[in-house]
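The lines below spell out each chain.
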Amino acid sequence: MDVEAWLTASFDEVIEVDDLTSSAAASFARFVDRHAAELAAIVALRRGGAGELVELAFRTGRPQQSVVPIRRTERIGVRFAGGDSMPFVYMLRSDFPDTAHQNLTAEGSPRAICIDDRSWAEARLTWTPAELVQRILAWFRRAAEGALHDARQPVDPLMFGTGYNIIMSRALIDNVNTQDLVAVPDDTGTLMRVIPLSQLQGRTLALPLTVAAYRVPPAQMVRLSFAPGNLGSLVDLLTARGIDLFADLRTRLAEWLNDARTNAARINSCLAVVVEMPITSPDGTQQGTDFRAFVTAEKVGDIAVALGIAHKVESKDQGGAAGFVTALTAGPVDEAALIAMAVLPVEVHATFDRDLATRLAGRTIPDARKAVIVGGGAIGAHVAPCLTREGRFRWTVIDDDVLLPHNLARHVGFGGDVTRRKSELLAGALASILDDEDSVATAITAQVGVEGQQNDDVNAALDGADIIVDASASLLAERFLSDHNSKARRFSIFFSPAGDAAVLLAEPIDRSVTLRDLEAQYLRHVVREEALSGHLETPVRTFAYTGACRAITNLIPESRVMALSGLVAEGLGRAADTDEGIIRIWSLGTEGQVRSFSYPAEDVRRFDVDGWQVSLDAGLRSRIAAMRDECLPNETGGVLLGVVDIPARKIHLADAAKAPADSIGSPTGFVRGTDGVQQMIDRSMAETQGQLRYVGEWHSHPPLVGVMPSVTDLSQINWLATIFDMDTLPGLMLIAGEAELAVVFMCHSEFSSPLAERSVR
């Protein structure tokens, strides 16, 4: 490259400092002359079509041994183009080495070093001539030491933009030959969205565009030094990277010309050569992908003529339905014509698809698992979009409710969406987030959990799901989903009644612990953990949105809903990526502080007795064993609390209380007292919104005795069966021995007898 010729062409007028019109250029030149003479000397001041240039002899401070061949004094030019452009530092030496952190310049221009990775809008806030001198000096020093790039810095952009951008989906890039395309500009004309011509509506202004897409293999990617300015230079750029552009274009264009009537729109459109190039760091590792387009102003047909495969015709009578016809015999390439065809480098922004969402979320593998979410209310309407923006899941939304005005306080819907079905509203919102070939979301308007109500669409969605998320805040729905025969893993998410906490229940991947089991374990933590006191307390203030007795809603601000939903979404995503089950609780303080509680899912044993199923988890077994051991050699015992579902005939044992203070225990017997028992039961019911209740008794046996019920135990279980029969429940007793537990069970009738199931601890 001839630096002198470039200087003459770009900055043809040599001027004095007082003639500088750029205030930044004038202050920089005066600073160098007065305060930086030990580092730089002004060689000349120039003006031209490209702005004003301060030409310097700059002392680089190069050490004896330099990693790159820079000189002790380099001739540089600092260009000030005015307006909102950053000063540009050119190396005025034709053989200046190619290094990291150089700006991509136009063909025929000198190399330019990158001294600032900030935007000019940000940099100008603190910009001074002294800072500019120091940044230039720092660049030279890092170059000499081989430290131009470190792990904390962003990788070199492949080229600096021209200010023009197009937005295009990866699906279109990968399938550009399947349909005609147009570029629809924004109101500035610098940003265009590429869409299929079939999607163009009305008389919208659009640029017909033909796209030819190429992918540079990482092994053949080398750093770009100069931006191609014409079609010939673009060919040279791609040839060096293993792509024969002319050969491919001759093949493509010949196919279109053979059916000119069908391909008339393409033949008469502009050509955009889209190149996907790996971004590589100085050590050669790939750190992403850069999309660039090189757009010609000439028609595709004119390019075909220059490639020697077509002739231009004036009328359809000459056989040119598209204004061009195929040459009978291919002629030579008109290189002069191709070099004269300028190309405009344009940045390509791939649309927000699942791959991009995944990368921006800091993950590497897209998550296209099928997820069914039941409930499109406050928590579902926030958590599902959050996860979708992370590239997670293909959704089916199930809900039968409609959006009412008061729902707008805590929903993704807007005023115009009132009366729309929440399922359709949320599914539509999710589908609009990702530009994905696969369906992002579908809607099913239905209610789940109602006895006797079946829906084939709901069952099919649940059976085909990988993940089922209960966001309904309904015990009926949660238990229906827990019992459904789908093989999908289940999750449940909900807010506390006061809206100051959120909960995630996540089954293990093998579903050995179900949502029903996790519900009981969660309630045990609520009554046992002092930090969770009041967690399920009913709010004092509510809002009645109509006159109906049940038409009330809680007073929870959207800001709190968003904060808690974000925590739940992050927790659900993490849980879905592991195999273990977990209970997570997030509590949000009045000042925004967050307390988090996490409990593993406890292994569950189930006993099927006389048409009922009793479930007992490892956490409760350990608690009972510890209370037994603490009182040895005496027997001990207390009341059992659990979750009861009478229609399903299921009892989940959740907690066991210590022996009341007035109890009598000895090595041969135990009599449970009554001191504080009713208060404890009432408190547990209040802390759990009535979900935990008294379900039976437990007591221990001494060593070597075993767990078979004694005569006294049989008498007590008969009494329990009589008492519980009033609530249509069986009598239940748990006996803890040295190495095992026994569940003694009795339904009251004149023919009934106690049934026992054993469980080894």
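Just so you know, these numbers come straight off a predicted model, no measurement behind them. (Residues numbered from 1 in each chain as written. Predicted model: local features only at pLDDT ≥ 70, side-chain atom pairs only at ≥ 80, totals over all residues. Heavy atoms only, no water.)

Q: An account of the overall build of the protein chain is requested, with residue identities and associated values reported.
A: Broken down by element type, the protein chain carries 20 helices and 38 strands. By residue count, 50% of the 761 residues in the protein chain fall in the buried class. At a minimum sequence separation of 6, the contacts of the protein chain that also span at least 24 residues come to 63%. A total accessible area of about 35,200 Å² is found for the protein chain, and carbon and sulfur atoms account for 51% of it. (Helix = DSSP H or I, 4+ residues; strand = E, 2+ residues; numbered from the N terminus. Buried < 20%, exposed > 50% of the residue type's maximum accessible area, 1.4 Å probe, protein only. Contact = heavy atoms within 4.5 Å. Areas by Shrake-Rupley, 256 points an atom, 1.4 Å probe, with all protein chains shown as cover.)

Q: Report on the sheet that holds strand β21 (residues 441-444), specifying residues and quantitative values.
A: In a beta sheet, neighbouring strands pair by backbone hydrogen bonds and run either parallel or antiparallel. Spatially, the eight strands line up as an open sheet ordered β21-β20-β19-β22-β23-β24-β27-β28, and their pairing is mixed. Sheet topology places β21 and β28 (594-600) at the edges, where each strand pairs with a single neighbour. Strand-to-strand, the axes of this sheet are offset by a mean angle of 20°, without reference to chain direction. Two elements, strand β23 (residues 489-495) and strand β24 (residues 501-506), share five bridges in a ladder whose sense is antiparallel. Along β24, the bridge assignment pairs isoleucine 493 with leucine 504. Each of β23, β24, β27 (582-588) and β28 touches helix α16 (residues 515-528); the most contacted strand, β24, lies at about 140° to it. (Pairing = 2+ DSSP bridges. Axes fitted to C-alpha atoms, helices over the stretch in contact; angles between N-to-C directions.)

Q: Run through the sheet that holds strand β8 (residues 112-113), naming residues and quoting values.
A: With antiparallel pairing, the seven strands of this open sheet are ordered in space as β1-β2-β3-β4-β5-β8-β6. Strands with a single pairing partner mark the edges of an open sheet, and in this sheet they are β1 (13-15) and β6 (102-103). Summarising the sheet, strand β2 (residues 40-48) and strand β3 (residues 51-59) pair through eight bridges and their orientation is antiparallel. Residue arginine 46 lies in a different strand from β3, and its bridge partner there is leucine 53. Sheet strands touched by helix α2 (residues 23-35): β2, β3 and β4 (73-80). Its angle to β3, the strand with the most contacts, is close to 20°. Here helix α4 (residues 129-145) sits on the sheet and contacts β3, β4, β5 (88-91), β6 and β8; the angle it forms with β4, its principal contact strand, is near 135°.

Q: Pulling in residues and values, what's your account of the packing of aromatic side chains?
A: Under the counting rule described, the total for this entry stands at nine aromatic pairs. Ring geometry for tryptophan 139 against phenylalanine 140: centres 5.6 Å apart, planes inclined by 85°, an arrangement best described as edge-to-face. Grouping residues by exposure puts tryptophan 139 and phenylalanine 140 together as buried. Where phenylalanine 494 meets tyrosine 522, the ring centres are 5.6 Å apart and the plane angle is 75°; that geometry is what we call edge-to-face. Highlighted residues: phenylalanine 494 in strand β23 and tyrosine 522 in helix α16, separated in sequence by 28 residues. Just as phenylalanine 494 is buried, tyrosine 522 falls in that class too. Ring pairing ties together the aromatic residues Trp6, Phe11, Phe88 and Tyr90, which thus form one cluster. (Phe/Tyr/Trp six-rings, centres within 6.5 Å; stacked < 30°, edge-to-face > 60°.)

Q: Tell me about the nonpolar core, and please be specific about residues and values.
A: Membership of the largest hydrophobic core comes to 39 residues, with the highest contact counts inside it found for Ile624, Leu640, Leu653, Leu732 and Leu734. Examining the composition of this core, we find that six residues originate from one element, strand β37 (residues 740-746), more than from any other. In contact with leucine 653, other than residues within four places in its own chain, are Val614, Ser615, Leu616, Asp617, Leu620, Leu640, Leu641, Gly642, Val695, Leu732 and Leu734. (Core = buried A, V, L, I, M, F, W, Y, C linked by side-chain atoms within 4.5 Å.)

Q: Explain the confidence of the model for the protein chain residue by residue, including any values.
A: Across the protein chain, pLDDT averages 86, with 90% of residues at or above 70. Mean pLDDT values over the elements of the protein chain span from 58, in strand β25 (residues 542-544), up to 98, in strand β22 (residues 467-470). (pLDDT = per-residue confidence, 0-100.)

Q: Quick one: what's the story with the environment of valine 568, residue by residue and with numbers?
A: With respect to the element layout, valine 568 can be found in helix α17 (residues 558-576). Given a relative accessible area of 0%, valine 568 falls into the buried group. The spatial distance from the C-alpha of valine 568 to the C-alpha of isoleucine 493 is 7.4 Å, given a sequence separation of 75 residues. Non-local contacts of valine 568, meaning those with residues more than four positions away in its chain, are made with Ile379, Val383, Ile493, Ala502 and Trp586.

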